[in-house]
Protein chains: 2
Amino acid sequence: MSLPHAILTALLEKPSSGLELTRRFDRSIGYFWSATHQQIYRELGKLEEAGQIRALRSAEPARGGKKEYEVLPAGRAELAEWVGRSEEPKPIRDALLLRLRAAAVAGPDAVAGIEKELGRHLALHEAQLAEYLDMERRQFGPDQDSEADRLRYLVLRGGIELERFWTGWLTEALATLRTR
Amino acid sequence: MSLPHAILTALLEKPSSGLELTRRFDRSIGYFWSATHQQIYRELGKLEEAGQIRALRSAEPARGGKKEYEVLPAGRAELAEWVGRSEEPKPIRDALLLRLRAAAVAGPDAVAGIEKELGRHLALHEAQLAEYLDMERRQFGPDQDSEADRLRYLVLRGGIELERFWTGWLTEALATLRTR
DNA sequence: AAGCCCATGTAAGCTGTTACATGATTCA
DNA sequence: TGAATCATGTAACAGCTTACATGGGCTT
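Here is what the cut-offs are and how they apply
Residues numbered from 1 in each chain as written. Chains lettered and ligands numbered in written order. Predicted model: local features only at pLDDT ≥ 70, side-chain atom pairs only at ≥ 80, totals over all residues. Heavy atoms only, no water. Helix = DSSP H or I, 4+ residues; strand = E, 2+ residues; numbered from the N terminus. Buried < 20%, exposed > 50% of the residue type's maximum accessible area, 1.4 Å probe, protein only. Pairing = 2+ DSSP bridges. Contact = heavy atoms within 4.5 Å. Axes fitted to C-alpha atoms, helices over the stretch in contact; angles between N-to-C directions. Core = buried A, V, L, I, M, F, W, Y, C linked by side-chain atoms within 4.5 Å. Salt bridge = Lys/Arg side-chain N within 4 Å of Asp/Glu carboxyl O. Domains from an automatic or database assignment. Least-squares fit on C-alpha atoms with pLDDT ≥ 70 in both. Phe/Tyr/Trp six-rings, centres within 6.5 Å; stacked < 30°, edge-to-face > 60°. Lys NZ or Arg CZ within 6 Å of the ring centre and 35° of its normal.

Caption draft 1: Focus on the side chain of R99(A). Relative to the helices and strands, R99(A) resides in helix α5 (residues 95-106). A relative accessible area of 2% places R99(A) in the buried class.

Right, here's the structure in full:
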């Protein structure tokens, strides 16, 4: 149940149309909460229905016209309430770890195939880490004065450390497999 | 599309009934691929239908009787093929990171509420890390001779390092919030 | 005029979650 | 015998993914 809150957050940062939101979900917000344009349009409809957001320049033609949305007070209140809500961490579902475990029972032929996949993932995570480090360098100076900036920096720090975990573990995994 | 492969892996490690599988998904397999008993029973039906697994002691009564399943050659082949298959890493969806980002726009009142939640998650991840370290100590000695053991140890190493990431980042996040 | 991108959607299907149902066995 | 637990399911729904549809504007 977090997609509506992700959208409310994005719209509070900047009122946007559906497609603009989609773009931003491919960049910043999507780094920790991904969504496709189909999900976003559906959810925008629900949020408008619920009176939490409102379309600007209202009377555009239904098809082909751009609709910008902004958050209403009810939406802001809902988001603030959600932020403080308690929720269990979701159990992990990671296909790569599962694959390794499967390789242990599927026999040695399977192990050769998985090595390539591990290397591919390593490259992807290294690229993501580099991008985060670049964002860190450009967007965050030595001192953040505003509370909001410090929170945003914390989120980025999470992304960085998570990618460091992946690159570290994948490197270790490849080294282990190669010395067999 | 990984649940059937998780089940095949578990059944190859040891033929089991639905409930036994459920138990094991709460322990070892579930540490990186969780599933409820409803999912498991549904999937067991599909796998049997597809000729990848088979029920032992076949003619037990439908209700209340225990059914043990074992993997057929077709199932083993499917798993081996899947292990080598290439797949994009799933985009991240992490509610806690999203919450922090939302807190940045939802105002300072929201920040107070989130601190408690961060502390709660920290305790959970510390407990999980301790459990993994205990497993490491008990199940894996200084030298793993068999390939399968080394793969299983790699998976556990992944779990350990992932929990270290969480405890480290959550500690940093709490420290940052408290010095505001 | 044809092809491309922008922008907003619809529809179908799959996966996962939550709530409930049913019979068998065990133990107080 | 009643309650708890074991064991296997059914049903309904929510969320996400994939494929396709529709119309407008811009370029060549």
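Caption draft 2: How the structure looks around the sheet that holds strand β1 (residues 16-17) of chain B. Residues and elements named next belong to chain B. One open sheet accounts for three strands, arranged β1-β3-β2; its pairing is antiparallel. Where the open sheet ends on each side, the last strands, each with one partner, are β1 and β2 (53-55). With three bridges joining them, β2 and strand β3 (residues 68-71) adopt antiparallel strand pairing. When the sheet's bridge partners are listed, R54 is paired in β3 with E70. Sheet strands in contact with helix α1 (residues 3-13) are β1, β2 and β3, and its direction is about 100 degrees off that of β3.

Caption draft 3: Just the nonpolar core, in detail. Formed by 111 residues in total, the largest nonpolar core has its most connected members in I7(A), F25(A), L118(A), I7(B), F25(B) and L118(B). Contacts of I7(B), omitting those with residues within four sequence positions, involve L21(B), F25(B), I40(B), E43(B), L44(B) and L47(B).

Caption draft 4: Quick look at the pattern of salt bridges. Here the structure, examined in full by the defined rule, presents 30 salt bridges over all chains. For the salt bridge of R101(A) with E13(B), the shortest nitrogen-to-oxygen distance reads 2.8 Å. Of this pair, R101(A) sits in helix α5 while E13(B) is found in helix α1, placing the two residues in two different chains. Of the residues examined, R101(A) reaches a relative accessible area of 12% and is grouped as buried. Owing to a relative accessible area of 28%, E13(B) belongs among the partly exposed residues under this scheme. Ionic pairing is found between E115(A) and R178(A), a salt bridge with its closest N-O pair at 3.5 Å. Pair noted here: E115(A) is in helix α6 (residues 108-139) and R178(A) is in helix α7 (residues 147-178), with a separation of 63 residues, a long-range link. A relative accessible area of 57% places R178(A) in the exposed class.

Caption draft 5: Geometry of the pairing of β3(B). In the sheet, β1(B) pairs with β3(B) via two bridges, with the strands oriented antiparallel. Bridging from a neighbouring strand, S17(B) pairs with E68(B) of β3(B).

Caption draft 6: Looking closely at the domain arrangement of chain A. Entries for chain A in the domain assignment read domain 1 (3-83) and domain 2 (95-178). Each of domain 1 of chain A and domain 2 of chain A has a C-alpha centre, and the two are 29 Å apart.

Caption draft 7: Broad picture of the relation of the copies chain B and chain A. Between chain B and chain A, which share one sequence, the superposing operator has a rotation angle of 180 degrees and an axial displacement of 0.0 Å; the RMSD is 0.1 Å. In symmetry terms, the pair is related by a two-fold rotation axis. For chain B, the residue whose C-alpha comes nearest the rotation axis is F165(B), separated from it by 3.3 Å. A high fraction, 99%, of the interface residues of chain B reappear at the interface in chain A, so the copies pair face to face through one surface.

Caption draft 8: The sheet that holds strand β1 (residues 16-17) of chain A, seen in detail. Residue and element names in this part refer to chain A. Spatially, three strands are ordered β1-β3-β2 in an open sheet, and the strand pairing comes out antiparallel. Each edge of the sheet is formed by a strand with only one pairing partner; in this case those strands are β1 and β2 (53-55). Strands in contact with helix α1 (residues 3-13) are β1, β2 and β3 (68-71); relative to β3, the strand with the most contacts, it is inclined by about 100 degrees. Across the sheet, helix α3 (residues 37-49) is in contact with β2 and β3; its angle to β2 comes to roughly 105 degrees.

Caption draft 9: Inspection of the environment of E48(B) at higher detail. Residue and element names in this part refer to chain B. Along the chain, E48 falls in helix α3 (residues 37-49). Separated by 18 residues in sequence, E48 and K66 have C-alpha atoms that sit 15 Å apart. Beyond its immediate sequence surroundings of up to four residues, E48 is in contact with I53, A55 and Y69.

Caption draft 10: Inspection of the packing of aromatic side chains at higher detail. If you walk through the whole model with that rule in mind, you get eight aromatic pairs over all chains. For the ring pair F165(A) and W166(A), a centre distance of 4.8 Å and an interplane angle of 55 degrees mean the geometry is tilted. Judged on exposure class, the residue F165(A) and its partner W166(A) are both buried. Aromatic rings pair up to connect F165(A), W166(A) and W169(A) into one cluster. Just above the ring of W82(B) sits the side chain of R99(A); from NZ or CZ to the centre is 4.3 Å.

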